[in-house]
Amino acid sequence: MKHVIALDVGGTGMKAALLAQDGSVLFEARRPTGREHGTDAVVATILDFAADLAEEGRSRFGQGPAAAGVAVPGTIDEKNGIAVFSANLGWRDLPMRKLLGERLGGLPVALGHDVRTGGLAEGRIGAGRGVGRFLFIALGTGIAGAIGIEGRIEAGAHGYGGEIGHVVVRPGGPQCGCGAKGCLETLASASAVSRAWAAASGDPAADAAACAAAVQAGDPAALAVWHQAVDALADGIVLAQSLLDPSTVIVGGGLAEAGDTLFTPLRAAVAERLTFQMPPKVVPAMLKDTAASLGAGLLAWDLLSMEVTA
Ligand SMILES: [Zn+2]
């Protein structure tokens, strides 16, 4: 069966799959990234994992994969296949596409940004299936986003399109890692909610999931923390709505695990802020932590279809 390699390289773990043309998963595997061993070791681990996946494909289907897609964090140059910078994994200007292509015997390789490939997968085979224009927001350690337009992701002129986490929603607010103050991710990421709830509850180990549980139990202090995050997120979404007018906003990442505890007040907060804008549907992401890996596989399939039409 014709298949491609789909590989998502995360800060701590790698998720991989062999993907059929319709996006169905034929084989899945995970492996630690091993960043404690240094950048060179991480790169070697990625290349070894890809080679093992190719071998897995050959032994299962009697033919090797037709292409490979890999999603990495940080700044990337998609066009030239270069992993430009990752603070987490330590590389600079790594020619990832070339290295992988060589290791895989000349196979075509696509390189994608982890959140944008995750958004691509949500748009094509997840919560945004059939939706022409959507905004994907991932609420994790930080907040990242992806702008979906007719089955592809708009990366912007420099590869920074969709960075809704760094929209300033509270001028002069908390210091952000990017250097600005009051960015959305300082208020509404899973980490921001964890920090706020740890401070408010007096329990340094309390996290966003504990905050959500306390909200469900009606704890007024938890509700205050929660609404601060929900309000900031609604401000960010409304800004995006005015600018991009998506029909659907797909929200994923750790904080979205809270389900209706997040989505019910978030939808209300968005609705009450809109004036002339059409309200977007605000829906949970479907693909969870496999989104980026699936999206990497879709990029690989896109490469093959471009070859056919070229
Ligand atoms: Zn920022």
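Look up a bit, the structure's there.
Residues numbered from 1 in each chain as written. Predicted model: local features only at pLDDT ≥ 70, side-chain atom pairs only at ≥ 80, totals over all residues. Heavy atoms only, no water.

Novice: Got a minute to help me understand the coordination of the zinc ion in this structure?
Specialist: For a metal bound by four donors in tetrahedral geometry, the ideal donor-metal-donor angle is 109.5 degrees, whereas six donors in octahedral geometry ideally sit at 90 or 180 degrees. Around the zinc ion, the protein contributes the donor atoms His166 (ND1), Cys176 (SG), Cys178 (SG) and Cys183 (SG), at 2.0 to 2.3 Å from the metal centre. Each of the four donor atoms bound to the zinc ion contributes to angles spanning 104 to 122°, and the resulting shape is tetrahedral. (Donors = N, O, S within 2.8 Å, 3.2 Å for Na, K, Ca; no water. Tetrahedral: all angles 85-135°; square planar, octahedral: opposite > 155°, others 65-115°.)

Novice: How should a nonpolar patch on the surface be read in this particular structure?
Specialist: Nonpolar side chains collect at one region of the surface, where Leu239, Leu243 and Leu244 lie side by side and expose about 280 Å² of accessible area between them. Along the polypeptide, leucine 243 turns up in helix α7 (residues 220-244). Taking the relative accessible area as the measure of exposure, leucine 243 reaches 68% and is therefore exposed. (Patch = residues over 30% accessible without salt bridge, like charges linked within 9 Å, V, L, I, M, F, W, Y side chains within 5 Å. Areas by Shrake-Rupley, 256 points an atom, 1.4 Å probe, with all protein chains shown as cover. Salt bridge = Lys/Arg side-chain N within 4 Å of Asp/Glu carboxyl O. Helix = DSSP H or I, 4+ residues; strand = E, 2+ residues; numbered from the N terminus. Buried < 20%, exposed > 50% of the residue type's maximum accessible area, 1.4 Å probe, protein only.)

Novice: Just checking my understanding: could you explain the nonpolar core for this structure?
Specialist: One broad rule of soluble globular proteins: the nonpolar side chains tend to lie buried together. Grouped together as the largest cluster of nonpolar side chains are 44 residues, with contacts concentrated most on Trp226, Val251 and Leu266. Those elements giving two or more residues to this core turn out to be β9 (133-139), β10 (143-149), α4 (185-188), α5 (190-201), α6 (208-216), α7, β12 (248-252) and α8 (260-273). With 11 residues, α7 is the largest single contributor of residues to this core. When sequence neighbours within four positions are dropped, the list of residues in contact with tryptophan 226 reads Val193, Ala208, Cys211, Ala212, Val215, Leu255, Ala258, Thr261, Leu262 and Pro265. (Core = buried A, V, L, I, M, F, W, Y, C linked by side-chain atoms within 4.5 Å. Contact = heavy atoms within 4.5 Å.)

That is the geometry; function is a separate question.
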